[in-house]
Amino acid sequence: MSVADRFPPLCESRVDVWLLPACRWMADEDEISSVLSPAELDRMARYRHEQRRLQYAFSRLTLRRLLVRYTGHSYRELALGHTEGGRPHLVCDAGIDFNVSHTAGLSVIAIALGRRVGVDIECRSQTIDALGAARVALSPRDYQALCAVDQQETADTFFRLWTRREACLKAAGRGLSEGAELVVSDVGGRLTPGVVDAPDGGASYAGFRIEDLTLGAGMAGAVCCSGTGWSVCLHAL
């Protein structure tokens, strides 16, 4: 698969987000065994369903293909490690950060230069108890913002806020069970993305900004990245 003749070199003003729909998932067994790390092979084997194993393998292989083109390094030079908090990163000092997210039928890979980046996507469910979930998962301010929207928009809005929250936690290197103080709805209850607000001890989130992703019907997604002066560029395989 060739992916990188279609886009310019990475720059700090652009966050590249690659969309990997299920119709493109394919992976050669020999390439899987030769490219993925033992830890990745072990994780892939733990997925019970074949489609999930294929999704995981394809996303990890595509991540490496992209990083090879962005960095100019070979596969062997592209060792992937984890911080003490479990956040994935490139071991070689290329100044590039990346993040990956999966949901049913779609994976995404976000790549940024000179910035921390996080991405999250979710399939929207109209049957979820959105207010009940938000009461537990979101900050009090975000919960109040959700309560203020029209009832018909509650579920979609919940997933918009949820993906913003998860993207921010991933960018900041915080655990997904953390961030009770994190505010991802704008000041005054508006639901437009912008600078992350964590007034009660949110130093870990200082300087991060969020942008929603346009992924089509039934999907919600967001990117969170450090600093300002950047925009998202979507690429579809």
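These lines cover the structure that appears in this document, whether it is placed above or below. This one's a predicted model, so the numbers in the text were calculated from it and none came from an experiment. (Residues numbered from 1 in each chain as written. Predicted model: local features only at pLDDT ≥ 70, side-chain atom pairs only at ≥ 80, totals over all residues. Heavy atoms only, no water.)

Structural notes on the overall build of the protein
Argument step 1. When helices and strands are tallied, the protein shows six helices and nine strands.
Argument step 2. A compact globule built from 237 residues should have a C-alpha radius of gyration of about 18 Å, and the protein, at 18 Å, falls within 12% of that.
Argument step 3. The burial tally for the protein puts 48% of its 237 residues in the buried class.
Argument step 4. Relative to all contacts within the protein whose residues are 6 or more apart in sequence, the contacts with residues 24 or more apart total 58%.
Argument step 5. Accessible area for the protein stands at about 11500 Å²; split by element, carbon and sulfur atoms hold 51% of it.
Argument step 6. Measuring between centres, the 26 positive side-chain charges of the protein sit 1 Å from its 29 negative side-chain charges. (Helix = DSSP H or I, 4+ residues; strand = E, 2+ residues; numbered from the N terminus. Rg over C-alpha atoms; globule rule 2.2 N^0.38 Å. Buried < 20%, exposed > 50% of the residue type's maximum accessible area, 1.4 Å probe, protein only. Contact = heavy atoms within 4.5 Å. Areas by Shrake-Rupley, 256 points an atom, 1.4 Å probe, with all protein chains shown as cover. Lys, Arg positive; Asp, Glu negative; His and termini not counted. Charge placed at Lys NZ, Arg CZ, Asp CG, Glu CD.)

Description of helix α4 (residues 130-137)
Argument step 1. When we look at burial in α4, the residues that qualify are Ala130, Gly132, Ala134 and Ala137.
Argument step 2. Where the residues of α4 are buried, they touch α5 (140-147) and α6 (154-172).

Some remarks on the pattern of salt bridges
Argument step 1. Tallying each qualifying case throughout the model produces eleven salt bridges.
Argument step 2. In this structure, Glu40 engages Arg60 in a salt bridge whose closest nitrogen and oxygen atoms are separated by 2.8 Å. In this pair, Glu40 is assigned in helix α2 (residues 38-46) and Arg60 in helix α3 (residues 50-71), connecting sequence segments 20 residues apart.
Argument step 3. Taking the shortest distance from any N to any O, the salt bridge between Arg64 and Glu40 comes out at 2.8 Å. Of the two residues, Arg64 sits in helix α3 while Glu40 sits in helix α2, which places them 24 residues apart along the sequence. The pair formed by Arg64 and Glu40 is uniform in burial state, with each residue classed as buried.
Argument step 4. Here the salt bridges share partners, and the residues they tie into one network are Glu40, Arg60 and Arg64. (Salt bridge = Lys/Arg side-chain N within 4 Å of Asp/Glu carboxyl O.)

With respect to the sheet that holds strand β1 (residues 14-21)
Argument step 1. One open sheet accounts for four strands, arranged β4-β5-β1-β9; its pairing is mixed. In this open sheet, the two strands that pair with only one neighbour each are β4 (96-103) and β9 (231-236). The mean angle between the axes of side-by-side strands here comes to 20°, regardless of whether they run parallel or antiparallel.
Argument step 2. Relative to strand β5 (residues 106-113), β1 runs antiparallel, the two sharing six bridges. Its bridge partner being in β5, Asp16 is matched across the sheet by Ile111. (Pairing = 2+ DSSP bridges. Axes fitted to C-alpha atoms, helices over the stretch in contact; angles between N-to-C directions.)

Here's the deal with the packing of α4 against α6
Argument step 1. Relative to each other, α4 and α6 sit at 25°, their axes nearing to 9 Å. Our classification of the angle between α4 and α6 gives roughly parallel. Along this stretch, α4 crosses α6, giving a crossing that reads as left-handed. Judged by residue contacts, Ala130, Leu131, Ala133, Ala134 and Ala137 of α4 engage Thr154, Ala155, Phe158, Trp162 and Arg165 from α6.
Argument step 2. Of the residues assigned to the contact of α4 with α6, the class counts are eight nonpolar, one polar and one charged. (Parallel < 35°, antiparallel > 145°, perpendicular 65-115°, else oblique. Left-handed = near helix turned anticlockwise from the far one by under 90°. Nonpolar A, V, L, I, M, F, W, Y, C, P; charged D, E, K, R; others polar.)

Concerning the pairing of β5
Argument step 1. Within β5, seven of the eight residues are buried, which leaves the element mostly enclosed by the surrounding structure.
Argument step 2. Between β4 and β5, which pair antiparallel and follow one another directly, the connecting turn spans two residues, one of which, Gly105, has a positive phi of 85°.

Remarks on the nonpolar core
Argument step 1. Among the nonpolar cores identified, the biggest contains 23 residues, and Phe158, Leu182, Val196, Tyr205 and Cys224 are the most heavily contacted of them.
Argument step 2. Secondary-structure elements contributing two or more residues to this core are α4, α5, α6, β7 (208-212) and β8 (219-226).
Argument step 3. Looking at this core element by element, the count peaks at eight residues for α6.
Argument step 4. Counting 19 residues, the second-largest nonpolar core is a separate cluster that includes Trp25, Phe58, Leu67 and Leu237. (Core = buried A, V, L, I, M, F, W, Y, C linked by side-chain atoms within 4.5 Å.)

Examining the side chain of Ser59
Argument step 1. With respect to the helices and strands, the residue Ser59 is situated in helix α3.
Argument step 2. A distance of 2.9 Å separates a polar atom in the side chain of Ser59 from the backbone oxygen of Tyr56. (Polar contact = N/O pair within 3.5 Å; in protein donor to acceptor, adjacent residues only side chain to side chain.)

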